[in-house]
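Overview (structure and organization)
Each chain is listed here by its residues.
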Amino acid sequence: MSLLPSCREVSKLLSEALDSGRPLGMHARIHLSICAVCRRVAAQFAWLRHGAARPPEGGPALSADAKARLKRSLGAP
Amino acid sequence: MTDPNTWIDSYADRLYRYALSRVRDESSAEDLIQETFIAALRSRDRFKGDSSELTWMTGILRNKIFEFYRRQAKEVPLLPSDEDSDPESEFFDGRHWSASSAPRDWGGEPARKAESVEFTAALRSCLDALTQNVARAFILREMEGLPAPDTAAALGVAPAHLAVLLYRARMRLRRCLERNHFAPEAAA
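Residues numbered from 1 in each chain as written. Chains lettered and ligands numbered in written order. Predicted model: local features only at pLDDT ≥ 70, side-chain atom pairs only at ≥ 80, totals over all residues. Heavy atoms only, no water.

1. Concerning the pattern of salt bridges
Applied cut-off: Whenever Lys or Arg places a side-chain nitrogen within 4 Å of a carboxyl oxygen from Asp or Glu, that contact is recorded as a salt bridge. Secondary structure elements are taken from DSSP: a helix is a run of H or I of four residues or more, a strand is a run of E of two residues or more, and numbering for both begins at the N terminus. Three exposure classes are used, based on accessible area relative to the maximum for each residue type with a 1.4 Å probe and protein chains only: buried under 20%, partly exposed in between, and exposed over 50%.
The final tally for this structure, using the stated rule, is 15 salt bridges over all chains. Among the salt bridges present, the one from A:R49 reaches B:E142, with a minimum N-O distance of 2.8 Å. Here A:R49, found in helix 3 (residues 36–53), pairs with B:E142, found in helix 6 (residues 132–143), and the two come from separate chains. Judged by its relative accessible area of 5%, B:E142 falls in the buried class. The salt bridge involving A:K71 is made with B:D9; its shortest N-O contact spans 3.1 Å. Here A:K71, found in helix 4 (residues 64–74), pairs with B:D9, found in helix 1 (residues 7–23), and the two come from separate chains. The class for B:D9 is exposed, based on a relative accessible area of 52%. Within this structure, A:D19, A:R49, B:R141, B:E142 and B:R170 form a network of salt bridges that share partners.

Shown next as structure tokens:
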């Protein structure tokens, strides 16, 4: 039985570390040092974090009817 | 401060896109920006001009979004049974990645490349494919940057359940992006 966590466990620990702010434990770090695939998933989680933080660009605009409803609700002329 | 009569023409589209990206429902997004404009109108005397009007209104909108999520959590509580008890099983074969789910190298520096318009558009498209509970967890935690304890409170779930939802979101999003953005031809 291996002392090191499995790929399944490491992927979960990587996700949890993003939310707890706590560093990975030693066994998980050793696993990452020898497992290129798990290092990729760590990088992919970082991609997700950076991409999600970016404000939306483009996309649908509010319809003219909706804008008219908003103006009425605000009492605009 | 500008004339409130100009706010809708100046800011409504950008606030609407922001709201829509967070609540994924046109009617709710429209309601949220209406609430935002009304709140801004009522509190405009407190606007100090330390930031732009748009930034100030976006801050109001974010609070409205958090209120929206809290209301939703009270009306339709998320239960652990809403999600599979073993969300990672489909990605693994025993202790290791299954051949079809092993992450590939996306290349480049995430901090720079992940902010491309193409990547963020693909990410939002993949987000639409998530179940509502999983998407909400990801939106509040990663898009809004809400700390995990606050995200759990807003969704009305235990911290351990939030961890499951976020793990599921990240795993599904990374697979969706890999198949549809990075190597769609490989997934065909």
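Still more ground to cover, so stick around.
2. Observations concerning the state of the cysteines
All names here are of chain B. The following threshold applies: Our working definition of a disulfide is a cysteine sulfur pair at a distance within 2.5 Å.
Applying the stated criterion across every chain yields a total of 1 disulfide over all chains. Between the sulfur atoms of C126 and its disulfide mate C176 the distance is 2.0 Å. Since a negative S-S torsion denotes a left-handed disulfide, the C126-C176 link at about -80° is left-handed. Placement of the pair is C126 in helix 5 (residues 117–127) and C176 in helix 8 (residues 159–182), with a sequence separation of 50 residues. Under the relative-accessibility criterion, C176 is labelled buried at 18%.

3. Points about the environment of B:M171
Operational definition: By definition, residues are in contact when any of their heavy atoms lie within 4.5 Å.
Residue position: B:M171 is located in helix 8. For B:M171, a relative accessible area of 1% translates into the label buried. Once the C-alpha coordinates of B:M171 and B:E115 are considered, the two residues, 56 residues apart in sequence, prove to be 19 Å apart. Ignoring anything within four residues of it in the chain, the contact list for B:M171 reads A:S11, A:F45, B:F91, B:F92 and B:W97.

4. Thoughts on the domain arrangement of chain B
Residues and elements named next belong to chain B. Note the threshold: An automatic or database domain assignment supplies the residue ranges for each domain. The term buried area denotes the loss of accessible surface (1.4 Å probe radius) that occurs when two parts are joined, taken as the sum for both partners.
The domains assigned to chain B are domain 1 (4–75) and domain 2 (80–187). A separation of 27 Å is found between the C-alpha centroids of domain 1 and domain 2. Summed over both partners, the interface of domain 1 with domain 2 buries about 1200 Å², with 53% contributed by carbon and sulfur atoms. Sorting the residues of domain 1 by area buried against domain 2 places R22, R24 and Y69 first, and these three jointly supply 54% of that buried surface. Between domain 1 and domain 2 we count 3 salt bridges in total.

5. Re the packing of helix 1 (residues 7–20) of chain A against helix 3 of chain A
Residues and elements named next belong to chain A. Applicable threshold: To get an axis, fit a line to the C-alpha atoms, keeping to the stretch in contact for a helix; angles then go from 0 to 180 degrees between the N-to-C directions. For classification, angles of less than 35 degrees are called roughly parallel, those exceeding 145 degrees roughly antiparallel, those between 65 and 115 degrees roughly perpendicular, and all remaining angles oblique. In a left-handed crossing the near helix is turned counterclockwise from the far helix by less than a right angle, and in a right-handed crossing that turn is clockwise. Side-chain classes are defined by residue name, with Ala, Val, Leu, Ile, Met, Phe, Trp, Tyr, Cys and Pro counting as nonpolar, Asp, Glu, Lys and Arg as charged, and the others, Gly among them, as polar.
Contact geometry of helix 1 with helix 3 gives a least axis separation of 10 Å together with a crossing angle of 30°. Comparing their axes, helix 3 and helix 1 come out roughly parallel. Helix-helix and strand crossings are classified by hand; for helix 1 and helix 3 the assignment is right-handed. For the pair helix 1 and helix 3, contact is made by C7, V10, S11, L14, S15, L18 and D19 and by C38, V41, A42, F45 and R49, respectively. When its residues are assigned to classes, the contact of helix 1 with helix 3 shows 8 nonpolar, 2 polar and 2 charged.

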